Amino acid sequence: MIKTVLFNPDDGTTQFGGIEQIATWEQQPNSKIWLDIDAEESSIEEKLLLQFGIHRLAIQDATRLRHPPKIEAFDDYVFILLRGLDASTTGVEFGVIQLSLFVSDRFLITRHNKSSLSAAWLYAEVFKKPELMASAPAELALMIANRMVRRYVQILLELEPRLDALEDLMFENSDDGLLAELTGYKSRLRHLARIANYHLHIANELKRYELPYFHKKLKHEVIDFYEQIERSKSLAALYYEVATDLTDGYLALASHRLNSVMKVLTIITVIFVPLTFLAGIYGMNFENMPELGSKDGYFVVLGVMIVTAIVQLIFFRRRGWI
């Protein structure tokens, strides 16, 4: 799907449409356009991007299914490749999309291989407030980028109550399901931290104000973008440490429970070893065993077994083993 928003500063009008508005934009040197490409056929995408003068290598990077986030300045535009959350993401079980931004003084091009909530949000905002298109394309690009990064912060903050709940469940009724959940969180948090590192590099490049179109007048937007990325990175690192501590705590509790079980089994085994020894001796049925002729032999041996077990229990109790 291809959408365009055309702004004419001469009369202050904003028009919403499709691909047909590109010709009007080309005929009006003062106009600005936002072209949003959502999961279109690769041949159509390439043709459109070439029409705007986008380099083939930048098109290749933008249309790849997986490519590390990057920022690169060309002669007539700046190319920013971000990794956003897909539209179905509601928690830390997230999916990602490639979100490409081509920023010039006259155009903003957004390209995403799946639906982008950040681009859709800005489109809705511009529809409600058409005067937003009077802003520089770089400012609109930062609005999308900020919105995208805030989604990362949101899903990270929503994870904290679940980690607190897991800590309580771990002491109440731990099972292997909790360990599997914590391990999954650690993997995804590590992934989030890696994405934040990529985005932090982009934010640092923007903070230098050496790139065209991203001038110091946008410093507040750039700083906000940087701060949101820094926050997402610190939250991912913090919750990763929490998940690691909970995992270690779970393993320690599991080991403690196992040791308790093994202690009980060991005590039972130790108690029954001498009893089994006595039973083994008098179970051999030799004819010359003197005790076999005793009328009280059974009761004597049974009493010895009972006394032996009691003595051992008292000994274990005094040593604090039970």
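I will try to describe carefully the structure that is included in this document. (Residues numbered from 1 in each chain as written. Predicted model: local features only at pLDDT ≥ 70, side-chain atom pairs only at ≥ 80, totals over all residues. Heavy atoms only, no water.)

### As for the overall build of the protein chain
Counting its secondary structure elements, the protein chain contains 8 helices and 7 strands. At 35 Å, the protein chain has a C-alpha radius of gyration far larger than the 20 Å of a compact globule built from 322 residues. Principal-axis analysis of the C-alpha atoms places the extent of the protein chain at approximately 125 × 40 × 35 Å. Nonlocal contacts in the protein chain, meaning residues at least 24 apart in sequence, comprise 64% of its contacts between residues at least 6 apart. Surface exposure of the protein chain reaches about 17,500 Å², of which carbon and sulfur atoms provide 56%. (Helix = DSSP H or I, 4+ residues; strand = E, 2+ residues; numbered from the N terminus. Rg over C-alpha atoms; globule rule 2.2 N^0.38 Å. Contact = heavy atoms within 4.5 Å. Areas by Shrake-Rupley, 256 points an atom, 1.4 Å probe, with all protein chains shown as cover.)

### Things to note about helix 2 (residues 42–51)
Buried residues of helix 2: E45, L48 and L49, and no others. For helix 2, the buried positions fall inside an angular range of 95° around the axis, keeping them on one side. G53, located one to two residues past helix 2, shows a positive phi value of around 80°. (Buried < 20%, exposed > 50% of the residue type's maximum accessible area, 1.4 Å probe, protein only. Arc of directions from axis to C-beta.)

### Comments concerning the pairing of strand 1 (residues 2–8)
Across the 7 residues that make up strand 1, a large majority, 7, are buried. Neither face of strand 1 is left uncovered, since the one carrying I2, T4, L6 and N8 and the one carrying K3, V5 and F7 both have all their residues buried. Note that strand 1 and strand 2 (residues 13–17) share 5 bridges and pair antiparallel. Bridging from a neighbouring strand, T4 pairs with G17 of strand 2. Hairpin connection, strand 1 to strand 2: the antiparallel pair is bridged by 4 residues, and G12 has positive phi, about 70°. (Pairing = 2+ DSSP bridges.)

### Quick notes on the sheet that holds strand 1
One open sheet holds the 7 strands; their spatial order is 2-1-3-7-6-5-4, and the pairing between them is mixed. Edge positions in the sheet fall to strand 2 and strand 4 (70–73), since each of these pairs with one other strand and no more. Neighbour-to-neighbour, the strand axes of the sheet open up by a mean angle of 15°, direction not taken into account. Sheet topology note: the strand 3 (residues 32–38)/strand 7 (residues 107–112) ladder contains 6 bridges and is parallel. Paired with D38 across the two strands is H112, which belongs to strand 7. Packed onto the sheet, helix 3 (residues 56–63) meets strand 4, strand 5 (78–85), strand 6 (96–103) and strand 7 and runs at close to 5° relative to strand 5. Contacts from helix 4 (residues 117–128) reach strand 1, strand 2, strand 3 and strand 7 within the one sheet, and its direction differs from that of strand 3 by about 140°. (Axes fitted to C-alpha atoms, helices over the stretch in contact; angles between N-to-C directions.)

Purely geometric stuff here, so don't read any function into it on its own.
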